[in-house]
Amino acid sequence: MSIRPYRDIQRRRSRKIFVGSVPVGGDAPITVQTMTNTLTSDVAATVEQIRRCEEVGVDIIRVSCPDEDSTKALKQIVRQVKVPVVADIHFHYKRAIEAAEAGAACLRINPGNIGNAARVREVVKAAKDHGCSMRIGVNAGSLERHLLEKYGEPCPEAMVESALEHARILEDHDFREFKISVKASDVFLAVAAYQALAEACDYPLHVGITEAGGQRIGTVKSSIGLGMLLWSGIGDTIRVSLSAPPEEEVRVGFDILKSLNLRHRGVNVISCPSCARQQFDVIRTVEVLEKRLAHITTPMTLSVIGCVVNGPGEARETDIGFTGGGNNTHQVYIAGQPAHRLQNEDVVAHLVRLVEEKARQIEAARASTPASEAADAAS
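Residues numbered from 1 in each chain as written. Predicted model: local features only at pLDDT ≥ 70, side-chain atom pairs only at ≥ 80, totals over all residues. Heavy atoms only, no water.

## What about the overall build of the chain?
The helix and strand inventory of the chain stands at 14 helices and 15 strands. What you see for the chain is a C-alpha radius of gyration of 23 Å, in line with the 21 Å of a compact globule of 379 residues. Over its C-alpha atoms, taken along the principal directions, the chain stretches across nearly 75 × 45 × 40 Å. Per-residue burial for the chain yields a buried fraction of 50% across its 379 residues. The long-range fraction of contacts in the chain, counting pairs at least 24 apart against all pairs at least 6 apart in sequence, stands at 63%. (Helix = DSSP H or I, 4+ residues; strand = E, 2+ residues; numbered from the N terminus. Rg over C-alpha atoms; globule rule 2.2 N^0.38 Å. Buried < 20%, exposed > 50% of the residue type's maximum accessible area, 1.4 Å probe, protein only. Contact = heavy atoms within 4.5 Å.)

## Quick word on the state of the cysteines
When the sulfur atoms of two cysteines share a covalent bond, that bond is a disulfide. Under the defined criterion, the tally for this structure stands at 0 disulfides. The closest cysteine sulfur to the non-disulfide-bonded C132 is located on C106, 7.4 Å from its own sulfur. Accessibility expressed as a relative area gives 4% for C132, which makes it buried. Cysteine C201 remains unbridged, with the sulfur of C106 as its closest cysteine sulfur at 15 Å. (Disulfide = S-S within 2.5 Å.)

## Remarks on the pattern of salt bridges
Summed over all chains, the structure comprises 19 salt bridges. Residue R52 pairs with E48 through a salt bridge whose shortest N-O separation is 3.7 Å. Taken together, the positions of R52 and E48, both in helix α1 (residues 43–55) and 4 residues apart, correspond to about one turn of that helix. When salt bridges that share partners are traced, they join R11, R12 and D236 into one network. (Salt bridge = Lys/Arg side-chain N within 4 Å of Asp/Glu carboxyl O.)

## Some thoughts on the confidence of the model for the chain
The predicted model of the chain averages 94 in pLDDT, with 97% of residues at 70 or higher. The model gives residues 375–379 a pLDDT under 50, and that stretch makes 0 contacts with residues more than four places away or in other chains. (pLDDT = per-residue confidence, 0-100.)

## Topic: the side chain of D88
If you trace the backbone, D88 turns up in strand β5 (residues 85–88). There is a polar contact of 3.2 Å between the side chain of D88 and the side chain of H90. Filtering out sequence-adjacent residues up to four positions away, D88 remains in contact with M35, R62, V63, S64, C65 and R108. (Polar contact = N/O pair within 3.5 Å; in protein donor to acceptor, adjacent residues only side chain to side chain.)

## Some thoughts on the sheet that holds β5
Strand order in the open sheet formed by 8 strands is β8-β7-β6-β5-β4-β3-β10-β9, and the pairing between neighbours is parallel. The open sheet has two edge strands with one neighbour each: β8 (178–183) and β9 (206–207). Taken together, the 3 bridges between strand β3 (residues 31–35) and strand β4 (residues 60–64) define a ladder with parallel strand orientation. Bridge pairing links Q33 to I60 in β4. Across the sheet, helix α10 (residues 246–259) lies against β3 and β10 (237–239), angled at about 160 degrees from β3, the strand it touches most. (Pairing = 2+ DSSP bridges. Axes fitted to C-alpha atoms, helices over the stretch in contact; angles between N-to-C directions.)

## Comments concerning the sheet that holds strand β14 (residues 329–334)
In a beta sheet, neighbouring strands pair by backbone hydrogen bonds and run either parallel or antiparallel. Strand order across the open sheet formed by 5 strands is β11-β12-β13-β14-β15, with mixed pairing between neighbours. The open sheet is flanked by β11 (267–271) and β15 (337–343), the only strands paired with a single partner. When strand polarity is set aside, the average angle formed by the axes of neighbouring strands in this sheet is 20 degrees. The pairing of strand β13 (residues 320–323) with β14 spans 4 bridges and is classified as antiparallel. If you follow I320 over to β14, its bridge partner there is I334. Helix α11 (residues 282–292) contacts β11 and β12 (300–305) of the sheet and is inclined by roughly 155 degrees relative to β12. The sheet strands contacting helix α13 (residues 347–368) are β11, β12, β13, β14 and β15, and the helix crosses β12 at an angle near 160 degrees.

## Section: helix α9 (residues 215–231)
Counting along an α-helix, one turn takes 3.6 residues, and residues three or four places apart therefore face a common direction. Relative to the 24 Å expected for 17 residues at 1.5 Å per residue, α9 spans 22 Å between its end C-alpha atoms, a close match to the ideal helical length. Taken residue by residue, α9 has G218, S222, G225, L226, G227, L229 and L230 as its buried positions. Turning to α9, the residues buried within the fold contact α8 (187–200), β9, β10 and α10. Remark: G233 follows α9 within two positions and exhibits a positive phi of approximately 90 degrees. (Expected span 1.5 Å × (residues − 1).)

Here is the structure:
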C-alpha cells in the first residue's frame, strides 16, 4: 500500500494482447486511441491526420475500411505512420481479410455480422497468419434484433450478452487475441455494461462513451463515464469520441488519465479559476501557457495561482510554482521551495523557460539512470 492509499487504483486483472507492438491489458499502461475522419482512400490526407495525432501522443489509431479502395490504401498508410493501425470492418468479411493482408495491426469487427462460420474462420485465419488482434465492438445503437426482442431495448444485459456471444464465436475458432468494447452514448448504460462485462470475462476492455457530442459536452460526458470506470480499475485502452478533430480526442484522453494519476504526458497545469484577489490575469496567462507548453512531453507539474491564499500551498506540491503578489512582484517556486521573485517581466516567457529547463534536467537524469532502476522507480 502506498503512503497515500486514497489515490490508489487497483486495475482489473485482464489478459494481455498486442495491437502491433503495443501491449493492451495485463500490466501494460492504459493506451489512448482515436479514429481518423478522412476518406481512407485519400492516403495523403489520412497520413497527415495520423501524424498530427502522433505528435500529441496517440498510441493506436483506427481507420474505417468500408470498401476495397480503403483496404488498398491501408497498405500505403501503414508504411508511412509509426503507430499501429486498426481497420474498422463492418459486414463484409473480405474487407477484414484484405486489411489483415495490408498490414492492419488489429481488426475491429462484430463476428456475428461477418456471416457464416466459414467466413468467420477465414477472417480468423487471416488474423492469425498476419499477426492481427481483434476488437469486438458492441454498440447500443446497433444491437442484434434477437437481443432487442428479448430485452425490449438496449440495456446492460443485452450488450454484455452480445459481447459474450461474439467472444464465443472467436473462442470456438481458437482465437483469443481480442479486446472488447460495449459502448453507448448514454453514460449510465455504458458504465453499467462495462461493469457487468468486467465481471464476466478477463479479456482486455476498450472503453469509451460513443457519440458523446461536441468538444465541450463530449469531454464532460467522457470524463464522467471514463472517470467512473478507470477509477474503479476498469479499462485497458480508451477512446474519447468527440465531434472534433481526432487529435483533440487524444489530448482529452491523456488529460483524463493524467487526472487519475494513471498515466502522465506533458505538463499538468494546476491553476485557480481567478477572483478579485488575483494579482495578474490568470485566465489569459494559463490559456497562453498551455499552448506554449504543448511541445513538452516530459511529465511534470506547474501551478499558476493568482494570489497568496492558496499559491504557496499548491507550489509545495508541484515541480514549478508561480504565485501572484502585490505591486506586480510575484513569487516563483522550484521543487516546492521559494526560488526567486519576478517583477516587470513577461510571466509566460519566464515560466516557459523554467519548464523547458526542468524538462531537460528530467530527461538527462532519466537517460543516465540504468533501465532496471528506472523500472523500479516507475513501479
